[in-house]
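# Inside the fold
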Amino acid sequence: MLTFFLFFALHTVDESGFQKLVNSHKGKVVLYDFWATWCTGCREEMPKLIVLENRLKARGFELVTVSADDPEQDAEADKVLKQFHAPEPGYRKQAVKDERFINAIDPQWSGALPALFLYDRNGRKVQSFIGETDPRIIEAAVSKLL
Amino acid sequence: MPRLIALAALAASLAFSQEFKLGSKVTDFTVRDPHGSPVKFSALRGPVTVVVFTSTNCPVSNAYNERMNAVYRDYSVKGVKFIFVNANQNESADEVAAHAKSVGFVFPVYKDPNNALADRFDAQVTPETYVIDSSGTLVYHGQIDDSRNEKRVQQQALRMALDAVLAGKPLTVAETKAFGCSIKRVRRAT
């Protein structure tokens, strides 16, 4: 289920909603950036990903951010997204159990952040990047799909 | 670009060279004590042993500081041995010692040079825990509990695992996941 959160720019996405989100972006190469306000590496990485999106958007590349924060951090997450001029809308996980949400995104994923999942134009997951990753490696993988 | 992709593939293959898996035997390994001296698992282990990967600056790991002290206190008296390890390459031994003192850890924190132990367990996140039974078999892998925010905790998986192992009963939950900070590894491919 995808829902709009009233007070902030964040939309919420649950386990089943993520696949709908992926389906709605078919036709684009999409990098899903799972991050959190408490994740220093995520906050360091996100501006670089936004630069990459701005550079490759015309070729069909999109960056989608999904916060792994709890609802109590919505205001802070929104502030970070606005500060970085992140693409809108930004999403926040809405999970009854985080473990179920993590497994729905990728059963191989430990839940470690930052985590990036790259999808091709057919909505097929082709690569994941767990932990801080050299931006050149991400760009190379994205460019290969464009 | 092709070289970068090849390096990424190499890094991915290295990241998944897991040796200790659920149900497998945990063989001897070495960590460094707070004085920098090597200490073997065989010298630290007990009838039941818990290995916990921690961090000095990960907010999720730090949210568990008091819970780590509590689980250590509650289960040490039952004979469980704990090996708290810092495998982050961007956190020095001095920082680990200073952090342990400042947050009031009641246990030592060992260092894992070059994240060799984290690689053998394929530990990815802090905090992340492993329970080894008396036969040396890895019987639980996962989180201390299911929420960084104590008010949201629904399942204390590590305590459940320890209670089961100590009682000689099968584990109802052998593996769990939760969000946490990635372990900062040494860069092997440059």
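Conventions used here
Residues numbered from 1 in each chain as written. Chains lettered and ligands numbered in written order. Predicted model: local features only at pLDDT ≥ 70, side-chain atom pairs only at ≥ 80, totals over all residues. Helix = DSSP H or I, 4+ residues; strand = E, 2+ residues; numbered from the N terminus. Buried ≥ 20, exposed ≤ 12 C-beta atoms within 10 Å, placed from the backbone. Rg over C-alpha atoms; globule rule 2.2 N^0.38 Å. Contact = placed C-beta atoms within 7 Å. Pairing = 2+ DSSP bridges. Core = buried A, V, L, I, M, F, W, Y, C linked by C-beta atoms within 7 Å. Arc of directions from axis to C-beta. Axes fitted to C-alpha atoms, helices over the stretch in contact; angles between N-to-C directions. Parallel < 35°, antiparallel > 145°, perpendicular 65-115°, else oblique. Left-handed = near helix turned anticlockwise from the far one by under 90°. Nonpolar A, V, L, I, M, F, W, Y, C, P; charged D, E, K, R; others polar.

Let us now look at the overall build of chain B. Summing up its helical and strand segments, chain B has 7 helices and 9 strands in all. Expressed as a percentage of its 190 residues, the buried residues of chain B come to 39%.

The next subject is the overall build of chain A. Check the secondary structure of chain A and you find 5 helices and 8 strands. Over its C-alpha trace chain A gives a radius of gyration of 14 Å, about what one expects of a compact globule, namely 15 Å for 146 residues. Structurally, chain A occupies a C-alpha span of about 40 × 30 × 25 Å along its principal axes. A burial count over chain A gives 40% of its 146 residues as buried. In chain A, once contacts between residues fewer than 6 apart in sequence are set aside, the share between residues at least 24 apart is 66%.

Next up on the list: the pairing of strand S3 (residues 48-54) of chain B. All names here are of chain B. In terms of burial, S3 is largely enclosed, as 7 of its 7 residues are buried. Burial along S3 is two-sided: the residues Val48, Val50, Val52 and Thr54 and Thr49, Val51 and Phe53 are all buried. The sheet contact formed by S3 and strand S4 (residues 80-86) spans 7 bridges and is parallel. Each residue of the ladder has a partner; that of threonine 49, found in S4, is lysine 81. Two elements, S3 and strand S7 (residues 128-132), share 5 bridges in a ladder whose sense is antiparallel.

Either a parallel or an antiparallel arrangement is found when strands of a sheet pair, and the pairing is made through backbone hydrogen bonds. Strand order across the open sheet formed by 3 strands is S6(A)-S9(B)-S6(B), with mixed pairing between neighbours. Of all the strands in the sheet, just strand S6 (112-113) of chain A together with strand S6 (125-126) of chain B have a single pairing partner and so form its edges. By the bridge criterion, 2 bridges tie S6 of chain A to strand S9 (residues 180-182) of chain B in an arrangement that is parallel. Paired with leucine 113 of chain A across the strands is cysteine 181 of chain B, a residue of S9 of chain B.

Take the pairing of strand S7 (residues 115-119) of chain A next. Residue and element names in this part refer to chain A. Counting buried positions along S7 gives 5 out of 5 residues, so the element sits mostly inside the fold. Going residue by residue along S7, you find Ala115, Phe117 and Tyr119 tucked away on one face and Leu116 and Leu118 tucked away on the opposite face as well. Sheet topology places strand S3 (residues 29-35) next to S7; 5 bridges connect them, and they run antiparallel. By the bridge assignment for S7, aspartate 33 is matched with leucine 116. Direction of pairing for S7 relative to strand S8 (residues 125-130): antiparallel, over a ladder of 5 bridges. Paired with tyrosine 119 across the two strands is lysine 125, which belongs to S8. Where S7 folds back on S8, the antiparallel hairpin that results is connected by 5 residues, among which glycine 123 adopts a positive phi of roughly 75°.

Side chains that are nonpolar tend, in soluble globular proteins, to be buried together. In this structure, Leu113 of chain A together with Val85 and Val131 of chain B are the most contacted members of the largest nonpolar core, which totals 83 residues. With 6 residues, S3 of chain A is the single largest residue contributor to this core. In contact with valine 85 of chain B, other than residues within four places in its own chain, are Val31, Val51, Val52, Phe53, Tyr110, Asp112 and Leu117 of chain B.

Quick look at the interface of chain B and chain A now. Taken together, the contact between chain B and chain A spans 17 residues of the former and 23 residues of the latter. Contributing elements (two or more residues each) for the side of chain B that touches chain A: helix H1 (2-15), helix H3 (59-63) and S9 of chain B.

Residue and element names in this part refer to chain A. Those residues of helix H3 (residues 74-83) that fall on the buried side of the exposure criterion are Ala77, Asp78, Val80 and Leu81. Taken down its axis, H3 places every buried residue within 160° of arc, on the same side. Away from its buried face by more than 90 degrees, H3 exposes Ala75 and Gln83. If you follow the buried residues of H3, they end up packed against strand S2 (10-13), helix H2 (40-56), strand S4 (61-67) and strand S5 (90-93). Note on H3: the residue one or two positions beyond its end, histidine 85, has a positive phi of about 55°.

All names here are of chain A. By secondary structure assignment, the location of isoleucine 50 is in helix H2. The class of isoleucine 50 is partly exposed, set by 18 C-beta atoms lying within 10 Å. For the pair isoleucine 50 and valine 64, spaced 14 residues apart in sequence, the C-alpha to C-alpha distance is 9.7 Å. Ignoring anything within four residues of it in the chain, the contact list for isoleucine 50 reads Leu63, Phe84, His85 and Ala86.

Residues and elements named next belong to chain A. In the contact formed by H2 and helix H5 (residues 135-145), the axes pass within 11 Å of each other and the chain directions differ by 30°. Viewed along their axes, H2 and H5 adopt a mutual orientation that is roughly parallel. Remark: the crossing between H2 and H5 carries right-handed chirality. Each of Lys48, Leu52 and Leu56 in H2 lies in contact with H5, whose residues at this interface are Pro135, Ile138, Glu139 and Val142. Per-class residue counts for the contact of H2 with H5 are 5 nonpolar, no polar and 2 charged.

Turning next to the environment of valine 31 of chain B. Residue and element names in this part refer to chain B. With respect to the element layout, valine 31 can be found in strand S1 (residues 30-32). With 107 residues separating them along the chain, valine 31 and leucine 138 place their C-alpha atoms 18 Å apart. If we ignore the near neighbours within four places in the chain, the residues touching valine 31 are Val39, Ile83, Val85, Tyr110, Lys111, Asp112 and Leu117.

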